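# Geometric and topological summary
This is what each chain is made of:
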Amino acid sequence: MRRLLAVAVIATFALAALAGLGMAATSGAGPDASAPTATPKKPKLPPLPREVRQRKRWIFGVKCDAPPFGYINVRGENAGFDVEIAHWFARFAFGKPNRVSFVCTPTPAREPALTTGRVDAVIATFTYTRDRDTRIDFSRAYYQATGRLLVPNDSTIRSAGDLSGKTVVTTSGSIYDRWVRKCFTNTKLVVTDNFTNALLTFNQKRADTLMWDDTVLVGIAAADRNTKLTNDTFLALPYGIGIKQGNVAMKRWIDSRLEVMRKRDLFYTILRNNIPTRFVAGFSRNILRPKVTFGYPPADRPSPETVCP
Amino acid sequence: MTLAFTYDLGSYVAENWEFLLKGLERTLLVSAIAIVGAFVIGAVLGAARAHHIPVLSQLAGVYVEIFRNTPILVQIFFLYYALPQVGIKLDAATVAWLSVMVWGGAYNTENFRAGFEAVAARFREAASALGFGKLATFLNVTLPIGGRIALPSSINTYIAVLKNTALLYPIAYEELTTSALQINALTLETWETFTVLGVVYLTLVWSLSAAIRLVEGRLALPETR
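Here is what the cut-offs are and how they apply
Along each chain, the written sequence defines residue order, and numbers are assigned to residues from 1. Chain letters and ligand numbers both follow the written order, the letters beginning at A and the numbers at 1. Local features in this predicted model are restricted to residues of pLDDT 70 or higher, and side-chain atom pairs are both shown and tallied only at a pLDDT of 80 or more, whereas totals for entire chains, interfaces and linings draw on every residue. Counting other C-beta atoms within 10 Å of its own, a residue is labelled buried from 20 upward, exposed at 12 or fewer, and partly exposed in the gap between, with every C-beta atom placed from the backbone. Elements are defined by DSSP. Helices are runs of H or I of four residues or more, strands are runs of E of two residues or more, and each kind is numbered from the N terminus. For two strands to be treated as a pair, DSSP must find no fewer than two bridges joining them. We call two residues in contact if the C-beta atoms placed from their backbones are at most 7 Å apart. Domain boundaries shown here were taken from an automatic or database domain assignment. To estimate how far a helix should reach, multiply one less than its number of residues by 1.5 Å.

## With respect to the pairing of strand β8 (residues 143-152) of chain A
All names here are of chain A. Counted residue by residue, β8 has 7 buried out of 10 residues, so it is predominantly covered. Looking at chain direction, β8 and strand β13 (residues 234-239) are connected through 4 bridges and run antiparallel. Paired with G147 across the strands is F234, a residue of β13. As defined by bridge partners, β8 adjoins strand β12 (residues 227-229) across 3 bridges and the pair is classed as antiparallel. Bridge assignment links V151 to a residue of β12, and that residue is K228.

Given below as structure tokens:
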């Protein structure tokens, strides 16, 4: 009796399975109102550029002395916001975050690194300007930075309008270098070959103020109680990833993955990994997020570093 | 769209000649101070080394070893960025001439030491026989002869001093190379920048070398002419 019952149960399941297979076989014959609606296919993302695919590794230019975007940590490894973007690109391309090599590219070395083909792309606090866009290509914007002034606590400088007769230090070839040369003829300008030397020049009181990007300077002001940032902001220009001019495949790939990162809110995760918690809320307005997107200034307006206050 | 290669030397010079000229003036000024200083340092410390003057000879030896065995770039960084941390802050212009002068002086010390030691003993003995004291012997015999012997190797040192002013770039002292690199950082006219730099330095070094050889010819010892 028990044996008969077991056979009956097994047979029932077998018949049910066969019926299901039969329904699946007949559903291909034509539209079937009872079948689930087919999900739309995801658009195919652009393929990895050939040179990177063949090398099986990325080579990115990054800053090595501009925390929190690009610096060398205590373990001697490249770290920072831009560096983490590079590791995400390696994940997207090869499934492994460490399939990437870094080349230190201080401000004046970024464009030559691209034009000479030493790197695949530059993720190094690279502010978009129309002038630079004539020589290299930029990805879509991924971070909104503004210029700030770092001053000693007892400084008489309250804003960029107080720079007459003062000494400003910044890095050679930066948007600040161009802006001060053009607009502040009564200001002594000292330009150094990298940010570290600019900071040393300021710290050693060889300059009255250090002019640079807000996110880097805020960390310095937070760590050094003898300094502060003035309240004014200027030269609001987004960062982009520098790409060799004409490398369309590279631009398409990078832009598509930046969009993926935006939708998955990965920039917020990267931000939290790299700046003190108390600054996260404020600077989260500067990054791409699922509900936040931004681009470069429109072409019909003059580039900000060419406009004097 | 690919980046087209452009090369417009005429426009580059026309737009930037004033800035470059100021840089050249600073290069010449720093070089002049450093070359004169290196000569004086070399002659004094070379004499101390050649005559084994106690204490001074040993100190000169330490100075020579330190500055000949470390890269001049390290020395420049040390003077400009490290000394302020112990309370000694020198401005960029002072570091510029001081660094290349001290570097040149170390090499010149050895140039002159070798020159003074090469003066035949018979000349010094003759001076002594004529009643010259040690200082008078040095000033009237050893220095004129030994200085001429040291001149060819000193020429190389002075040329190196001039070329080493290009290493002042990290301290933002706007001599010729720094000025040109700043223009390059803003304009990316790399070919033009380095063409101009190459031509100017070639002219400078050749001129300096020719001038010193002229002096060398006029100062040559009678038996060597």
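Having seen the model, we can carry on.
## Quick word on helix α6 (residues 175-183) of chain A
For an α-helix, the turn length of 3.6 residues means that residues three or four places apart are oriented alike. Every buried residue of α6(A) is listed here: A:I175, A:Y176, A:D177, A:W179 and A:V180. Its buried side turned inward, α6(A) meets β8, β9 (167-171), β10 (188-192), β11 (209-213) and β13 of chain A together with α7 (176-187) of chain B.

## Things to note about unusual backbone geometry
All names here are of chain A. In the segment running from P67 into P68, the intervening peptide bond is cis, with an omega of 5°. Note on placement: P68 falls in the loop between β2 (65-66) and β3 (70-72). Not every positive phi belongs to a glycine, and T125 is a case in point at roughly 45°. Phi is positive for K205, close to 60°, though the residue is something other than glycine. In this structure, K205 sits in the loop between α7 (195-203) and β11. Taking the C-beta count within 10 Å as the criterion, K205 has 11 such neighbours and is therefore assigned exposed.

## Some details on the domain arrangement of chain A
When cut into domains, chain A gives domain 1 (50-142 + 240-297) and domain 2 (146-236). Taken together, the contact pairs 14 residues of domain 1 of chain A with 15 residues of domain 2 of chain A.

## Thoughts on the interface of chain A and chain B
Across the contact, 17 residues belong to chain A and 13 residues belong to chain B. When residues of the side of chain A that touches chain B are traced back to their parent elements, those giving at least two are α4 (110-115), α6, β10 and α7 of chain A. Element by element, the count of residues in the side of chain A that touches chain B is highest for β10(A), at 3 residues.

## A look at helix α9 (residues 248-263) of chain A
Residue and element names in this part refer to chain A. Here α9 spans 23 Å end to end across 16 residues, near enough to the 22 Å set by a 1.5 Å rise per residue. Restricting attention to buried positions, one finds in α9 the residues M250, K251, W253, I254, R257, L258, M261 and R262. The elements touched by buried residues of α9 are α3 (81-94), β6 (121-122), β7 (137-138), β14 (242-243) and α10 (266-274). A positive backbone phi angle near 55° is found at D265, which sits one or two residues after α9.

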